[in-house]
Amino acid sequence: MRPYVLLVASVAALGGLLFGYDTGVISGAILFITKDFSLSTRLQEFTISVVLLGCIAGSAVAGTIADAIGRRLTLFTAGIIFLAGALASAFTPDEPVLLAGRFIVGIGIGFSSVVAPLYISEVSPAAVRGALVSLYQFAITVGILGAYLIDYAFAHAGLWREMLGFAVVPSLVLIVGMIFMPESPRYLFKVGHDSRARDELQRITDDLDATSREENSIRESLKVKSAGFAAFKVPAVGLALFIGVSLAVLQQVTGINTVIYYGPQIFQMAGIASNSASILAQTLVGTVNMLMTLVAIFFVDRVGRKPLLYAGLAGMFIALTTIGGAFAQPHLSGSLGTIALSSMMLYVGCFAFSLGPIVWLLISEIFPLPARGLGMSLSTLANWVGNFLVSQFFLTMIDKLGRPLTFWLYAALCVVTIVFVRTMVPETKRELLEEIRVQVA
Ligand code: BGC
């Protein structure tokens, strides 16, 4: 692989870093915002979740925008939105402006969660596409861990404005970086800039045979004219949408963000008494999440997407069943608490090398070029709606169903996901993007 391709993917992956940072940072900041603005519980919850509403709005329109103005310019715009949102939140005089700032940040996340994986997959040679799109997930996890650490660093003085404002730094890098990045060759073919498109393809790989095979497959794929939503009437494209939306929802309803967003609370349920110990445990969650993503980067193009998904989901199932079992005991102390905590780490680690990166990868791969922007937008939108619902109702579920049942429900959904992957999802390892087909029975 050329260093150039790695550079392009890394700059785009900054969108993932901001995604992780901006979703993670609020967990620490909220404690101090609540105090400064004397927030009611209602407003406190809304200050946390308003970013997800922005993500829903941003992801709904991002694909259409990326099809209209190009992948590169859309990511550049995402950088500007991130910057504006970070500045508004950091310098806010009051709660309403903070809410507006966080909503704007959410729009930036929504944009980048659609366009960054899409762009990376379109500029990657087939043989390393899995690793490069997984780099995006790696950046998300770096952002989440970075947020926990920055929160920790500023917590002693309660500097929440600095916590939120820190996102200005990666936003600027993304903006400046995208000025120098190329447009995706696939998008260039789509809008008829053939010679520029060919040049870009040749910068990706020096294998001329591969380039011309790729060009042919792109042209073939473009013969089907894009017709917005009507494209999904073609059975294979409709099925790709069904697979994309389902995978995106399953990534959320198997519970990952209960641990990412509510980790410290869960640790306290499992017997860690002090605030600082539970925040420290959360840093460990962030580290495991980040490190285990490297496993995906290494293996996803070697063993393929589906084997990693099976292994990760099996581990998640075992971990969740154990956590539920531990919570079913009357007292969670001593070794039982340790088992619950280790299972939590196992759960996050297994997610990190499977459902985490591979869902973003697959939804960037399964749509034919004319329907790719819209297909990714709709799948990502579903992901954010799933995220919103799970994180909104987690504490209510614990209240109504009890802890064991809540975790067993997530475990059952891991089984559903395994069956879904087995029966519906194509293996896309090393295939040229345009040659990936979903099977219509
Ligand atoms: C998911 C996020 C999650 C993150 C955790 C991403 O793939 O979409 O919802 O917070 O992984 O690393």
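The rules behind these values
Residues numbered from 1 in each chain as written. Predicted model: local features only at pLDDT ≥ 70, side-chain atom pairs only at ≥ 80, totals over all residues. Heavy atoms only, no water. Helix = DSSP H or I, 4+ residues; strand = E, 2+ residues; numbered from the N terminus. Rg over C-alpha atoms; globule rule 2.2 N^0.38 Å. Buried < 20%, exposed > 50% of the residue type's maximum accessible area, 1.4 Å probe, protein only. Contact = heavy atoms within 4.5 Å. Expected span 1.5 Å × (residues − 1). Bend = angle between axes of the 7 residues up to and from the residue. Axes fitted to C-alpha atoms, helices over the stretch in contact; angles between N-to-C directions. Parallel < 35°, antiparallel > 145°, perpendicular 65-115°, else oblique. Left-handed = near helix turned anticlockwise from the far one by under 90°. Nonpolar A, V, L, I, M, F, W, Y, C, P; charged D, E, K, R; others polar. Near = heavy atom within 4 Å. Polar contact = N/O pair within 3.5 Å; in protein donor to acceptor, adjacent residues only side chain to side chain. Salt bridge = Lys/Arg side-chain N within 4 Å of Asp/Glu carboxyl O.

A. Region of the structure containing the overall build of the chain. A tally of helices and strands in the chain yields 19 helices and zero strands. Its C-alpha atoms give the chain a radius of gyration of 21 Å, within 12% of the compact-globule value 22 Å for 441 residues. Along the three orthogonal principal directions, the C-alpha set of the chain runs to about 65 × 50 × 40 Å. The burial tally for the chain puts 58% of its 441 residues in the buried class. In the chain, 83% of the contacts between residues at least 6 apart in sequence involve partners at least 24 apart.

B. Here's a closer look at helix 1 (residues 3–24). End to end, helix 1 covers 30 Å across 22 residues, agreeing with the expected 32 Å (1.5 Å per residue, within 8%). Taking the largest bend as the criterion, helix 1 deviates by roughly 25°, centred on A12. Taking burial as the measure, the 22 residues of helix 1 include 16 buried ones, the bulk of the element.

C. Looking closely at the packing of helix 3 (residues 41–69) against helix 5 (residues 95–123). Between helix 3 and helix 5, whose axes approach to 6 Å, the crossing angle comes to 40°. Taken as axis vectors, helix 3 and helix 5 run oblique relative to one another. Seen along the crossing, helix 3 lies across helix 5 with a hand that is right-handed. Looking at side-chain class alone, the contact of helix 3 with helix 5 contains 21 nonpolar, seven polar and two charged residues.

D. Local environment of the site of the ligand. Taken together, 13 residues lie near the ligand, and Q137, Q251, Q252, N257 and W360 sit nearest. Between Q251 and the ligand, the recorded distance is 2.9 Å, taken from a side-chain N or O atom to an oxygen atom. In the environment of the ligand, an oxygen atom lies 2.6 Å from a nitrogen or oxygen atom belonging to the side chain of N257. Breaking the shell around the ligand down by element, the ones donating at least two residues are helix 6 (129–155), helix 12 (235–253), helix 17 (355–365) and helix 18 (369–401). Of all the elements, helix 6 adds the most residues to the shell around the ligand, at three residues. Grouping the constituent residues of the shell around the ligand by class yields four nonpolar, nine polar and no charged.

E. Molecular detail of the pattern of salt bridges. The full count for this structure, using the stated rule, is 16 salt bridges. Linking D67 and K190 is a salt bridge whose minimum nitrogen-to-oxygen distance equals 3.8 Å. Placement of the pair is D67 in helix 3 and K190 in helix 9 (residues 185–190), with a sequence separation of 123 residues. Using a relative accessible area of 18% as the deciding quantity, one classes D67 as buried. The partner of R219 in a salt bridge is D194, and the shortest N-O contact between them spans 2.9 Å. On the criterion of sequence distance, the pair formed by R219 in helix 11 (residues 208–222) and D194 in helix 10 (residues 194–204) is long-range, its members being 25 residues apart. Taking relative accessible area as the criterion, R219 reaches 33% and is therefore assigned partly exposed.

F. Just the environment of L53, in detail. Structurally, the position occupied by L53 is in helix 3. Once the C-alpha coordinates of L53 and F388 are considered, the two residues, 335 residues apart in sequence, prove to be 7.8 Å apart. Setting aside anything within four residues of it in sequence, one finds L53 in contact with F46, F103 and F388.

G. Spotlight on helix 5. Over its 29 residues, helix 5 runs 41 Å from end to end, which matches the ideal 42 Å to within 8%, given 1.5 Å per residue. At S112, helix 5 shows its largest bend, some 30°. Along helix 5, 23 of the 29 residues are buried, which leaves the element largely enclosed by surrounding structure. Taking the backbone nitrogen of V97 as reference, a side-chain oxygen 3.2 Å away marks D94 as the first, capping residue of helix 5.

H. Focus on the side chain of S184. Structurally, S184 is set in the loop between helix 8 (168–180) and helix 9. Only 2.7 Å separates the side chain of S184 from the side chain of E122, close enough to count as a polar contact. Once residues lying within four places of it in the same chain are set aside, the contact partners of S184 are R71, Y119, E122 and V123.

I. Spatial organisation of the packing of helix 2 (residues 26–36) against helix 3. Running from N to C, helix 2 and helix 3 cross one another at 145°; their axes reach a closest spacing of 11 Å. Once helix 2 is placed against helix 3, the crossing between them reads as right-handed. Residues I26, I30 and T34 of helix 2 form the contact with helix 3, whose participating residues are Q44, T47 and I48. In terms of residue class, the contact of helix 2 with helix 3 is built from three nonpolar, three polar and no charged.

J. Broad picture of unusual backbone geometry. In this structure, S38 is a non-glycine residue whose phi angle is positive, near 45°. Looking at the element boundaries, S38 is found in the loop between helix 2 and helix 3. Phi is positive for R430, close to 65°, though the residue is something other than glycine. With respect to the secondary-structure elements, R430 resides in the segment after helix 19 (403–424).

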